[in-house]
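For reference, the chains in residue letters:
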There are 2 protein chains.
Amino acid sequence: MNFLEQKIVEDGVIKEGNILKVDNFLNHQIDVDIIRQIAYELKRRFRGKQVNKILTIEASGIAIATVLADLYDVPVVFAKKSQTANSTDDKYMAQAYSFTHKRMNNVFVSRPYLTAADKVLIVDDFLADGQAANALIDLVHQAGGEVVGIGIAIEKGQQQGGRLLREAGYQLESIAILQSMDYATQTIVFKEQPTRLQSCNAKQQAR
Amino acid sequence: MNFLEQKIVEDGVIKEGNILKVDNFLNHQIDVDIIRQIAYELKRRFRGKQVNKILTIEASGIAIATVLADLYDVPVVFAKKSQTANSTDDKYMAQAYSFTHKRMNNVFVSRPYLTAADKVLIVDDFLADGQAANALIDLVHQAGGEVVGIGIAIEKGQQQGGRLLREAGYQLESIAILQSMDYATQTIVFKEQPTRLQSCNAKQQAR
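None of these values were measured; they are calculated from a predicted model.

### Focus: the relation of the copies chain A and chain B
- Rotating chain A by 180° and moving it 0.0 Å along the rotation axis overlays it on chain B with an RMSD of 0.0 Å. Taken together, the rotation angle and the small translation identify this as a two-fold axis. Among all C-alpha atoms of chain A, that of Ala 59 of chain A lies closest to the rotation axis, at 2.5 Å.
- Of the residues that chain A buries at the interface, 100% are likewise interface residues in chain B, meaning the two copies contact each other through the same surface.

Pasting the structure below:
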């Protein structure tokens, strides 16, 4: 188990309907130590990629995005949500259905903050059906920019968002991927991911 | 002028109705270098104060709060807004009028994330009439906790929020305080604040 899977096991709660509640460290109260580790791990996974902007969506993606932007020393842009906003010339707009709030949100970014020169790393705390991620991709493409990759803290692997994004060719990196959960027994299964060897000399020792 | 006043002069825009637009570095696109400087300056101004939690309100306060929490190595809690949320046993709730959205918002924090043991530094990007700050103070007090202080990036000094909070005895630190603005001439006046001498030896040299 990696640090985030370990944290989920220690502090997460499975609620009825198989909803994972992690609002004591990720999306209401925020454990900055975990956020910092998430940011470092995402930067490592996108090593070698040129990134000049981090894009997220309000509100709970902002903490990870800010720390990651600090590591890259690039700006963060957070897309705003509105139920009522009208399409205007001064913003890019896309739509995303919120399963949490059971409504369609307009998601927008003011035009000056996404451009054709942008190489954008999209970041969010959760990925489920991919509604938010796809809206953010749409905004980057409307501006003519490039989506370098998508970095997620927790992917709900039982839902289709991750599969569809990978099939579409995006580099999607999720630090913890939920494979299954059971409310009755409060057990969780994570999808296996490659584990990085911890020894600095691991490569030499393998020779 | 300090670094934030300088940044406002360089990148801010005064819109009709004397609204200061800083969404290219503070509350839509975020310049992490400025956020980092704001966090360091707030920590300096609250030097000697014991802080075990940073409290802010979604969404644009989260970036500053996260970097500041990283400096203090304490958790951030961000209060959530809702138009519809009902008062329930599992959360503290207060009300704040949003001048931006012209509506009353319920502002809430889940009970486990504010306690009587908490020494809370409240942080936000803007202070105008103090609606959000007062709602956050209310939440801390409902939990029996202590408000150590209030740290703000930009205070609208023409509005009454700052004066009332200071009169109520709170240590309120705002890095830039707007005294007046003029749309026609695009000019701005900041309230004078004590300036820290830059020389490490300033005290010795003064003897």
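Additional details are given in the paragraphs that follow.
### Digging into the environment of Ile 175 of chain B
All names here are of chain B.
- Mapped onto the secondary structure, Ile 175 falls in strand β10 (residues 172–182).
- In the structure, Ile 175 is positioned 24 residues away from Gly 151 in sequence and 8.1 Å away in space, judged by C-alpha atoms.
- Not counting residues up to four positions away in its chain, the partners in contact with Ile 175 are Asn 2, Leu 4, Ile 38, Glu 41 and Ala 153.

### Quick word on helix α4 (residues 131–142) of chain B
All names here are of chain B.
- End to end, α4 covers 17 Å across 12 residues, agreeing with the expected 16 Å (1.5 Å per residue, within 8%).
- In terms of burial, α4 is largely enclosed, as 9 of its 12 residues are buried.
- Burial in α4 covers these residues: Gln 131, Ala 132, Ala 133, Asn 134, Ala 135, Leu 136, Ile 137, Leu 139 and Val 140.
- Phi turns positive one or two residues past the end of α4, at Gly 144, with a value near 85°.

### Digging into the pairing of strand β6 (residues 91–98) of chain A
Residue and element names in this part refer to chain A.
- As defined by bridge partners, β6 adjoins strand β7 (residues 103–110) across 8 bridges and the pair is classed as antiparallel. By the bridge assignment, Gln 95 is partnered in β7 with Asn 106.
- Linking β6 to β7, which pair antiparallel, is a turn of 4 residues; within it Lys 102 sits at a positive phi near 50°.

### Concerning the nonpolar core
- Among the nonpolar cores identified, the biggest contains 123 residues, and Leu 136 of chain A together with Leu 136 of chain B are the most heavily contacted of them.
- Of all the elements, helix α3 (residues 62–72) of chain B adds the most residues to this core, at 8 residues.
- Not counting residues up to four positions away in its chain, the partners in contact with Leu 136 of chain A are Leu 55, Ile 57, Ala 79 and Ile 122 of chain A.

### Quick notes on the packing of helix α2 (residues 32–45) of chain A against helix α3 (residues 62–72) of chain A
All names here are of chain A.
- Relative orientation of the contacting elements α2 and α3 amounts to 55°, with a least axis distance of 9 Å. Judged on the interaxial angle alone, α3 and α2 are oblique. Both α2 and α3 take part in a crossing whose hand is right-handed. Residue-level inspection shows Ile 35, Arg 36, Ile 38, Ala 39, Tyr 40, Leu 42 and Lys 43 of α2 in contact with α3, the latter providing Ala 63, Ile 64, Val 67, Leu 68, Leu 71 and Tyr 72.
- When its residues are assigned to classes, the contact of α2 with α3 shows 11 nonpolar, no polar and 2 charged.

### Observations concerning the interface of chain A and chain B
- Chain A puts 26 residues into the contact, and the matching count from chain B is 26 residues.
- For the side of chain A that touches chain B, the secondary-structure elements that each account for two or more residues are β3 (29–30), α2, α3 and β5 (76–82) of chain A.
- Among the elements that line the side of chain A that touches chain B, the one with the most residues is α3 of chain A, at 6 residues.
- Within the side of chain A that touches chain B, the residues separate by chemical class into 14 nonpolar, 5 polar and 7 charged.

### Some thoughts on the pairing of strand β8 (residues 119–127) of chain A
Residues and elements named next belong to chain A.
- The element β8 is extensively covered by neighbouring structure, given that 8 of its 9 residues are classed as buried.
- Bridge count for strand β4 (residues 53–57) against β8 is 3 bridges, and the pairing is parallel. Looking at β8, one finds that Leu 55 is bridged to Ile 122.
- In terms of handedness, the path from β8 via helix α4 (residues 131–142) over to strand β9 (residues 146–156) forms a crossover that is right-handed.

### Structural notes on the environment of Asn 105 of chain A
Residues and elements named next belong to chain A.
- Here Asn 105 is to be found in strand β7.
- For Asn 105, a count of 21 C-beta atoms within 10 Å translates into the label buried.
- Not counting residues up to four positions away in its chain, the partners in contact with Asn 105 are Lys 81, Ser 82, Gln 83, Ala 96 and Ser 98.

### Looking at the confidence of the model for chain A
- With 92% of its residues at a pLDDT of 70 or more, chain A shows a mean pLDDT of 92.
- What the predictor reports for the complex is a pTM of 0.92 with an ipTM of 0.90.

### Structural notes on α2 of chain A
Residue and element names in this part refer to chain A.
- Compared with the 20 Å implied by 1.5 Å per residue over 14 residues, the 20 Å span of α2 between its first and last C-alpha is a close match.
- Where α2 is concerned, the buried positions are Val 32, Ile 34, Ile 35, Ile 38, Ala 39 and Leu 42. Seen end-on, α2 carries its buried residues on one side only, within an arc spanning 155°.

### Here's the deal with unusual backbone geometry
All names here are of chain A.
- In this chain, Glu 58 is followed by Ala 59 through a cis amide linkage whose omega measures 0°.
- Its place among the elements puts Ala 59 in the loop between β4 and α3.
- Although it is not a glycine, Asn 18 sits at a positive phi angle of roughly 55°.
- The topology assignment puts Asn 18 in the loop between β1 (13–15) and β2 (19–21).
- On the neighbour-count criterion, Asn 18 (14 C-beta atoms within 10 Å) is partly exposed.
- You will see that Asp 73, though not glycine, has its phi angle at about 55°, which is positive.
- Residue classification places Asp 73 among the exposed residues on the basis of 10 C-beta atoms within 10 Å.

The rules behind these values
Residues numbered from 1 in each chain as written. Chains lettered and ligands numbered in written order. Predicted model: local features only at pLDDT ≥ 70, side-chain atom pairs only at ≥ 80, totals over all residues. Least-squares fit on C-alpha atoms with pLDDT ≥ 70 in both. Contact = placed C-beta atoms within 7 Å. Helix = DSSP H or I, 4+ residues; strand = E, 2+ residues; numbered from the N terminus. Expected span 1.5 Å × (residues − 1). Buried ≥ 20, exposed ≤ 12 C-beta atoms within 10 Å, placed from the backbone. Pairing = 2+ DSSP bridges. Core = buried A, V, L, I, M, F, W, Y, C linked by C-beta atoms within 7 Å. Axes fitted to C-alpha atoms, helices over the stretch in contact; angles between N-to-C directions. Parallel < 35°, antiparallel > 145°, perpendicular 65-115°, else oblique. Left-handed = near helix turned anticlockwise from the far one by under 90°. Nonpolar A, V, L, I, M, F, W, Y, C, P; charged D, E, K, R; others polar. Right-handed = clockwise from strand over helix to strand, strands pointing away. pLDDT = per-residue confidence, 0-100. Arc of directions from axis to C-beta.

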